[in-house]
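Structural overview for review
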There are 2 protein chains.
Amino acid sequence: MGYPETFEGFAVFDPSPETWSSVKRWEYTPKPFEDHDVDIKIETCSICGSDVHSATNGWHKKGAEYPLVVGHEIIGKVIRVGPKVTDFKLGDRVGVGAQAQACLKCKLCKSNNEIYCPQLVHTFGSDYHNEDGTTTHSQGGYSNYARINDFFVFHIPEELSNEEAAPMLCAGITTFSPLVRNIPKELPEGQTKPHIGIVGLGGLGMMAIQWSRALGCETWVFSRSSRKKEDAFKLGADHFIATGEDKDWVKKVEFDLDLVVCTANSTEGFDLNTYLRTLKVGGKWVNVGLPETPFTVHPRSFMANACFMGASHLGSHVEMNRMLKLAVDKGVRAWVEKIPISAEGVKEGLEKCRYNKCRYRVALTDYEKAFGDK
Amino acid sequence: MGYPETFEGFAVFDPSPETWSSVKRWEYTPKPFEDHDVDIKIETCSICGSDVHSATNGWHKKGAEYPLVVGHEIIGKVIRVGPKVTDFKLGDRVGVGAQAQACLKCKLCKSNNEIYCPQLVHTFGSDYHNEDGTTTHSQGGYSNYARINDFFVFHIPEELSNEEAAPMLCAGITTFSPLVRNIPKELPEGQTKPHIGIVGLGGLGMMAIQWSRALGCETWVFSRSSRKKEDAFKLGADHFIATGEDKDWVKKVEFDLDLVVCTANSTEGFDLNTYLRTLKVGGKWVNVGLPETPFTVHPRSFMANACFMGASHLGSHVEMNRMLKLAVDKGVRAWVEKIPISAEGVKEGLEKCRYNKCRYRVALTDYEKAFGDK
């Protein structure tokens, strides 16, 4: 068979430590094509930390199903649209992030919070409850095609190349949404710009620093060593703090930040209690990484400055379009390394991502070569 | 000796489980009288949960010093003012809460956040660093006199009796400050009032419910059983949820609250992960109790609705005066049981507070009888 009956991708068959990255070609049946669906022939998909967590089942998701094709930073061309799709036509270059569906009727969906809809379907690893009563497990972008509800498909501005844009669909929106939602609207007298901290410089941090600057903020970047200092300044940082190289680092920025976006992907050795001291009274700390183990936090840590800790998940349709426009207006671009898609390429890319060996995202490319016209 | 060289109070001598509430009369030397100090002859002091935590050393404070006189919800009359005091004169009826001093010069103090000043001195159990170079350990309001910096002394409106006002100085301001700082200024279309949750109905909850109503909010009260339901409505609740009596309670209020003020004093059996589901996207959870053990929280719990958890400590000078005016304007009153001060009375009061046996605050009274003119 083949498109449109079946899609083909590079799938994880076994999430155990020896085999998680050894993907194999796999043919699968996508969800039934519905009136709001858009079929996309994929050209690029970049590799997100969530791909690794899912490939290893690091979040210990109950009932996680394998084979699983991961990938949710997808760019491609529209090749088919359902009869109710009005925003897209054949040949349009489009992107898809980590969300593929929501009910679009509840109070969350109706208030630009569809990403928090209890019915949300993630681009891979979730269950579609189809209109015909069947259920289909969603599969991601290390595949030749994607079939996605039109509300979760986005036009990609011509100024951005495939690889420059792909990481924006997840890493980009994941850091953009908490910034636009939480940057303070009013500043104390004498302060001209919001003071924003970005913890961690990887795929998420690389985007967060650029958004912070593009949104007019003064930006502090926190990293364990000064290895990435030069990159941080190139990306738009105003200040760089190597927390592992100065035991008194917190004194440089105590009670100073309005908002910190933490992209750290692990709680191991992470001194949250000290980090919280960087916040102004009432300041906010937002986790956008999703570590595999919980934090232990004493209420007292929040009491020294009445600060808040929260989290954020992706971003809304409205925010996605606003973000892509800002990227064009302010010259924001993802920094990527390209690897042609293949079983070996996916393995290399996933491992680079897991062990922080890329600068700062891997984009899988050359889909045409791997999949041909299938 | 006696006033002004020495003060006398009922002190905890040993915080161990058998003796923590067995206070004894104790004469001590107060801090030197400085230019901004006000001496107060105490008439009433109500009993706060912090008094219990301190009497038992439940927070495991390093270097906690005993004997210790606790108490920081103090009402009395001014009997002496330093040469730089301009707001108070002899005979004024005044109140003192849990803070007795701050530097009043740093950026926190200069922005109505003196309660977060790193130099803050608590009314009892802290060290004063005196102008003459000496150090004095602070002692609280189960005493005949208090000596306090004038910035932390407040006029008590004549409409409020001693007992009605005393709990406002700590329980009141502790719940008022996070409300006025975090009640959203803008509401979504169709919502007429902010939606506020108050968790726990004890000394703090009793005040929080009244402030929430006085500030024009729709108020949900959460308690384990329905034992206090009638009181909650009398205090101004619009809704009451007994979380221990309905396993699906969260469905009644899921994604509905803008702000929750949690007055729970213990993390034991406390299902924070479920409670967080009551919050709207971006909603805030503020802990004002200070439990003795930490919370364990998974970042994922915050991701379902991008909510925030924080804490708050007391409130500012400006907020204290605003609160006392609101109490007069809207008829807010603390509900108290009176117990005359004595070694037995303090013991009874502390134990009632610890085991949630009071409705909802104990005020120690009849100081004149206990201390006479000493």
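All values derive from a computational prediction rather than experimental measurement.

Reading the values: the criteria
Residues numbered from 1 in each chain as written. Chains lettered and ligands numbered in written order. Predicted model: local features only at pLDDT ≥ 70, side-chain atom pairs only at ≥ 80, totals over all residues. Heavy atoms only, no water. Domains from an automatic or database assignment. Buried area = accessible area lost by both parts, 1.4 Å probe. Salt bridge = Lys/Arg side-chain N within 4 Å of Asp/Glu carboxyl O. Polar contact = N/O pair within 3.5 Å; in protein donor to acceptor, adjacent residues only side chain to side chain. Helix = DSSP H or I, 4+ residues; strand = E, 2+ residues; numbered from the N terminus. Nonpolar A, V, L, I, M, F, W, Y, C, P; charged D, E, K, R; others polar. Expected span 1.5 Å × (residues − 1). Buried < 20%, exposed > 50% of the residue type's maximum accessible area, 1.4 Å probe, protein only. Contact = heavy atoms within 4.5 Å. Pairing = 2+ DSSP bridges. Axes fitted to C-alpha atoms, helices over the stretch in contact; angles between N-to-C directions. Core = buried A, V, L, I, M, F, W, Y, C linked by side-chain atoms within 4.5 Å. Least-squares fit on C-alpha atoms with pLDDT ≥ 70 in both. Phe/Tyr/Trp six-rings, centres within 6.5 Å; stacked < 30°, edge-to-face > 60°. Lys NZ or Arg CZ within 6 Å of the ring centre and 35° of its normal.

Observations regarding the domain arrangement of chain A
Residue and element names in this part refer to chain A.
- Under the domain assignment used here, chain A contains domain 1 (7-170 + 315-371) and domain 2 (173-311).
- Distance from the C-alpha centre of domain 1 to the C-alpha centre of domain 2: 27 Å.
- Carbon and sulfur atoms supply 60% of the area that domain 1 and domain 2 bury against each other, a total of about 2,300 Å² over both sides.
- Seen at the junction of domain 1 and domain 2, the total is 2 salt bridges.
- At the boundary of domain 1 with domain 2, the tally comes to 10 residue pairs in polar contact (both at pLDDT 80 or more).
- Counting residues per element, the side of domain 1 that touches domain 2 draws most heavily on helix α8 (residues 317-330), which supplies 7 residues.
- Split by residue class, the side of domain 1 that touches domain 2 holds 13 nonpolar, 8 polar and 6 charged.

Considerations on helix α3 (residues 171-182) of chain B
- The end-to-end C-alpha distance of α3(B) is 17 Å, a good match for the 16 Å that 12 residues give at a rise of 1.5 Å each.
- Of all the positions in α3(B), only A171(B), G172(B), I173(B), T174(B), T175(B), F176(B), S177(B), P178(B), L179(B) and N182(B) are classed as buried.
- Contacts made by the buried residues of α3(B) are with β18 (308-311) of chain A together with β12 (195-199), α4 (203-214), β15 (257-262), β16 (279-287) and α8 (317-330) of chain B.

Re the sheet that holds strand β16 (residues 279-287) of chain A
- Ordered by their spatial adjacency, 12 strands build an open sheet running β14(A)-β13(A)-β12(A)-β15(A)-β16(A)-β18(A)-β18(B)-β16(B)-β15(B)-β12(B)-β13(B)-β14(B), and the pairing between neighbours is mixed. Edge positions in the open sheet fall to β14 (239-242) of chain A together with β14 (239-242) of chain B, since each of these has one partner strand only. Along the sheet, successive strands turn relative to each other by an average axial angle of 20°, direction set aside.
- Of the strands in this sheet, β12 (195-199) and β13 (218-223) of chain A touch helix α4 (residues 203-214) of chain A, which is tilted by about 170° from β12(A).

Overview of the nonpolar core
- M168(A), W211(A), M168(B) and W211(B) are the most contacted members of the largest nonpolar core, which has 86 residues in total.
- With sequence-adjacent residues up to four places away left out, W211(A) is seen in contact with M168(A), G172(A), T175(A), F176(A), L179(A), M323(A), L326(A), A327(A) and V332(A).
- If you look at the next biggest cluster of nonpolar residues, it comprises 50 residues, including W220(A), M309(A), V199(B) and L257(B).

Notes on the relation of the copies chain B and chain A
- The transform that puts chain B on chain A rotates by 180° and translates by 0.0 Å along the axis, for an RMSD of 0.0 Å. Between the two chains, the operation in question is that of a two-fold axis.
- In this assembly the copies share their binding face: 100% of the residues contributing to the interface of chain B also contribute to that of chain A.

Here's the deal with α8(A)
Residue and element names in this part refer to chain A.
- Counted at 1.5 Å a residue, the expected span for α8 with its 14 residues is 20 Å, and the 20 Å between its end C-alpha atoms agrees.
- Buried within α8 we find H317, E319, M320, M323, L324, L326 and A327.
- In this structure, the buried side of α8 is in contact with β11 (153-155), α3 (171-182) and α4.
- Just downstream of α8, G331 is the residue with a positive phi angle, here 70°.

Considering the side chain of S138(A)
All names here are of chain A.
- Position of S138 among the secondary structure elements: in the loop between β9 (135-137) and β10 (145-149).
- For S138, a relative accessible area of 1% puts it in the buried group.
- Only 3.4 Å separates the side chain of S138 from the backbone oxygen of T123, close enough to count as a polar contact.

Remarks on the pattern of salt bridges
- Under the counting rule described, the total for this entry stands at 48 salt bridges over all chains.
- Taking the shortest distance from any N to any O, the salt bridge between R80(A) and D39(A) comes out at 3.9 Å. Taken together, the residues R80(A) in strand β4 (residues 74-81) and D39(A) in strand β3 (residues 37-46) connect sequence positions 41 residues apart.
- A salt bridge links D92(B) to K89(B); its shortest N-O distance comes to 3.0 Å.
- Through salt bridges that share partners, K31(A), E34(A) and D37(A) make up one connected network.

Here's the deal with the interface of chain B and chain A
- With 41 residues of chain B in contact, the opposing surface of chain A contributes 41 residues.
- Carbon and sulfur atoms supply 69% of the area buried between chain B and chain A, which totals about 3,300 Å² over both sides.
- Linking chain B with chain A are 1 salt bridge.
- Across the salt bridge formed by D256(B) and K107(A), the nearest N and O atoms sit 4.0 Å from each other.
- Every element with two or more residues in the side of chain B that touches chain A is listed here: α3, β16, β17 (295-297), α7 (299-303) and β18 (308-311) of chain B.
- Among the elements that line the side of chain B that touches chain A, the one with the most residues is β16(B), at 5 residues.

Concerning the packing of aromatic side chains
- Tallying each qualifying case throughout the model produces 28 aromatic pairs over all chains.
- Residues F222(B) and W249(B) carry aromatic rings whose centres are separated by 5.6 Å and whose planes lie at 65° to one another, so their mutual orientation is edge-to-face. With a gap of 27 residues between them, F222(B) in strand β13 (residues 218-223) and W249(B) in the loop between β14 and β15 connect regions that are remote in the sequence.
- Take F222(B): its relative accessible area is 1%, and that puts it in the buried class.
- With relative accessibility at 7%, the residue W249(B) sits in the buried group.
- Site record: aromatic cluster; members linked through ring pairs are Y3(A), F7(A), W26(A), Y28(A) and Y145(A).
- In this structure, R354(A) packs its charged tip against the face of W20(A), placed 5.0 Å from the ring centre.
- Over the face of the ring belonging to Y128(B) we find K31(B), whose NZ or CZ atom lies 5.3 Å from the ring centre.

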